[in-house]
Amino acid sequence: MPAHCFSLTLIYYGIKLILTFNFFYFIFFLPECQPNHRPVLCSFCRTTYPIKQEKMTPSQIISALQTLTAIRQPVFLWGAPGIGKSQIISQVAAMRGLELRDIRAVLLDPVDLRGLPRITDQGTAVWSPPSFLPGPNDAPQGVLFLDELNAAPPLVQAACYQLILDRAIGEYRLPDGWCIVAAGNREKDKAVSYRMPSALANRMVHLEFDTSLEDWLVWALSANIRREVCAFLRFRPRLLHDFDPQRAEKAFASPRSWEFVSRILDAKPAADVEYELFQGTVGPAAAAEFMGFLSVWRELP
């Protein structure tokens, strides 16, 4: 074999060996590339990046929403039931001084967004937009919140296509200072939901978040949540949100239900019904643990 052919063969097999080694290294040995961090190769810079699947925290969601609402980018917020999606959107609107218009999409019919036709003096028909959509007499800036959008029937979701992307529907135009934010439960939560059409999904930025005890405690301080509730959740942080769709429980622990527990304690219920009230709010297991914690708390000096 000529010398130059032998050299080319060595180079070929050397490159093949290096590529094979890099492949197995990225798949099995790179710390960031565990089963839930599958790597993806950038076709431009040939750099491997991990696809991280961790959910955002509420404080990160607030920061992201501030950015997206500032540029009026439509966004969909995903999360489990009771996690506080509506509260976060309301909080962001208040922080930015925006009016909040809350529309429950699940209660709409497909024609509701278009409004009703009327005859003008010229004998032509024009559409009168519904009063729940912001108009020229409303605040110049605000958030149009389409809550439970993916729980609405497919025809209602289809009616939102033009409103979300083009900021218009028929003859109606969304004021320039208003942005659109939507929220809904995930399909795996077994809540009432329809699969979102790809045409609608591609019109929005999608953010998914989970609970964070630290963020919830900061909020609880400003919301005057009872100290014993906060202390218990510091002791049992897993019970801040204990939701499993497979259990099909009517009551389960969530940030929203712990707020209910605090309000029940404010009402000073009778001792013989206290456990039943907590059980109907956060479920029997969390209620039993909370009652045990309360018995110790109430004996502290």
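Preceding this paragraph is the structure being described.
The present account deals with the structure reproduced in this document. In this text, all values refer to a predicted model and were calculated from it rather than measured experimentally.

Reading guide: rules and limits
- Residues numbered from 1 in each chain as written.
- Predicted model: local features only at pLDDT ≥ 70, side-chain atom pairs only at ≥ 80, totals over all residues.
- Heavy atoms only, no water.
- Helix = DSSP H or I, 4+ residues; strand = E, 2+ residues; numbered from the N terminus.
- Buried < 20%, exposed > 50% of the residue type's maximum accessible area, 1.4 Å probe, protein only.
- Contact = heavy atoms within 4.5 Å.
- Pairing = 2+ DSSP bridges.
- Phe/Tyr/Trp six-rings, centres within 6.5 Å; stacked < 30°, edge-to-face > 60°.
- Salt bridge = Lys/Arg side-chain N within 4 Å of Asp/Glu carboxyl O.
- Core = buried A, V, L, I, M, F, W, Y, C linked by side-chain atoms within 4.5 Å.
- Expected span 1.5 Å × (residues − 1).

The next subject is unusual backbone geometry. A positive phi angle, close to 55°, is found at glutamate 148, a residue other than glycine. Inspection of the secondary structure puts glutamate 148 in the loop between β7 (141-147) and α4 (154-166). Taking the relative accessible area as the measure of exposure, glutamate 148 reaches 31% and is therefore partly exposed. Phi angles above zero are rare outside glycine, and lysine 268 is one such case at about 55°.

On to the side chain of serine 262, then. For serine 262, the position within the fold is in helix α8 (residues 255-266). Relative accessible area serves as the criterion here: at 2%, serine 262 is assigned to the buried category. The contact partners of serine 262, leaving out residues within four places of it in the chain, are Asn224, Ile225, Arg226 and Val229.

Let us now look at the environment of alanine 253. Mapped onto the secondary structure, alanine 253 falls in the loop between α7 (227-235) and α8. Residue class for alanine 253 comes out buried when judged on its relative accessible area of 2%. For the pair alanine 253 and alanine 287, spaced 34 residues apart in sequence, the C-alpha to C-alpha distance is 8.9 Å. Dropping the residues within four chain positions of it, alanine 253 is found in contact with Leu239, Leu240, His241, Asp242, Phe243, Trp258, Val282 and Ala286.

Of the two faces of strand β3 (residues 75-78), both are covered, the one formed by Val75 and Leu77 as well as the one formed by Phe76 and Trp78. Where β3 and strand β10 (residues 177-184) come together, four bridges link them in parallel fashion. From the neighbouring strand, leucine 77 faces β10, where its bridge partner is alanine 183. Strand direction decides the pairing type here: β3 and strand β11 (residues 205-208), joined by four bridges, are parallel. Each residue of the ladder has a partner; that of leucine 77, found in β11, is leucine 207.

For the rest of this paragraph, the subject is the packing of aromatic side chains. Overall, the coordinates contain ten aromatic pairs when judged by the stated rule. Note on phenylalanine 232 and tryptophan 258: the rings are 5.5 Å apart at their centroids and 50° apart in plane angle, and the pair reads as tilted. Of the two residues, phenylalanine 232 sits in helix α7 while tryptophan 258 sits in helix α8, which places them 26 residues apart along the sequence. Summarising the burial analysis for this pair, phenylalanine 232 and tryptophan 258 share the class buried. Through pairs of rings, three or more aromatic residues link up here, namely Phe232, Phe235, Trp258, Phe278, Phe290, Phe293 and Trp297.

Right, let's get into the pattern of salt bridges. A complete count under the given rule lists eleven salt bridges for this structure. Glutamate 99 serves as the salt-bridge partner of arginine 101, at 3.1 Å between the closest nitrogen and oxygen. Classification of arginine 101 by relative accessible area gives buried; the value is 15%. The residue arginine 104 makes a salt bridge to aspartate 147 at a minimum N-O spacing of 2.8 Å. Of this pair, arginine 104 sits in strand β4 (residues 99-104) while aspartate 147 sits in strand β7, and the two are 43 residues apart along the sequence.

A few words now on the environment of arginine 226. Relative to the helices and strands, arginine 226 is located in the loop between α6 (213-222) and α7. In this structure the C-alpha to C-alpha distance between arginine 226 and leucine 265, which are 39 residues apart in sequence, comes to 7.7 Å. Non-local contacts of arginine 226, meaning those with residues more than four positions away in its chain, are made with Ser262, Leu265 and Asp266.

As a further point, take the nonpolar core. With 25 residues, the main nonpolar core has Leu113, Leu144, Leu149, Leu163, Ile164 and Met204 as its most contacted residues. Considering every element that reaches this core, the biggest residue donor is α4, with five residues. Those residues in contact with isoleucine 164 that sit more than four places away from it in its chain are Pro74, Leu146, Leu149, Ile180, Leu200, Arg203 and Met204. Among the nonpolar cores identified, the runner-up in size contains 23 residues, and Cys230, Val261, Ala287 and Leu294 belong to it.

All right, on to helix α2 (residues 58-70) then. Under the 1.5 Å per step criterion, the end-to-end length of α2 is 18 Å for 13 residues, consistent within 8% with the ideal 18 Å. Where α2 is concerned, the buried positions are Pro58, Ile61, Ile62, Ala64, Leu65, Leu68 and Thr69. One or two steps after α2, the chain reaches arginine 72, where phi turns positive at roughly 55°.

Moving on, we come to the environment of glycine 177. Relative to the assigned elements, glycine 177 resides in strand β10. Owing to a relative accessible area of 24%, glycine 177 belongs among the partly exposed residues under this scheme. Once residues lying within four places of it in the same chain are set aside, the contact partners of glycine 177 are Arg72, Pro140, Gln141, Gly142 and Arg167.

Distances and angles like these do not, on their own, reveal function.
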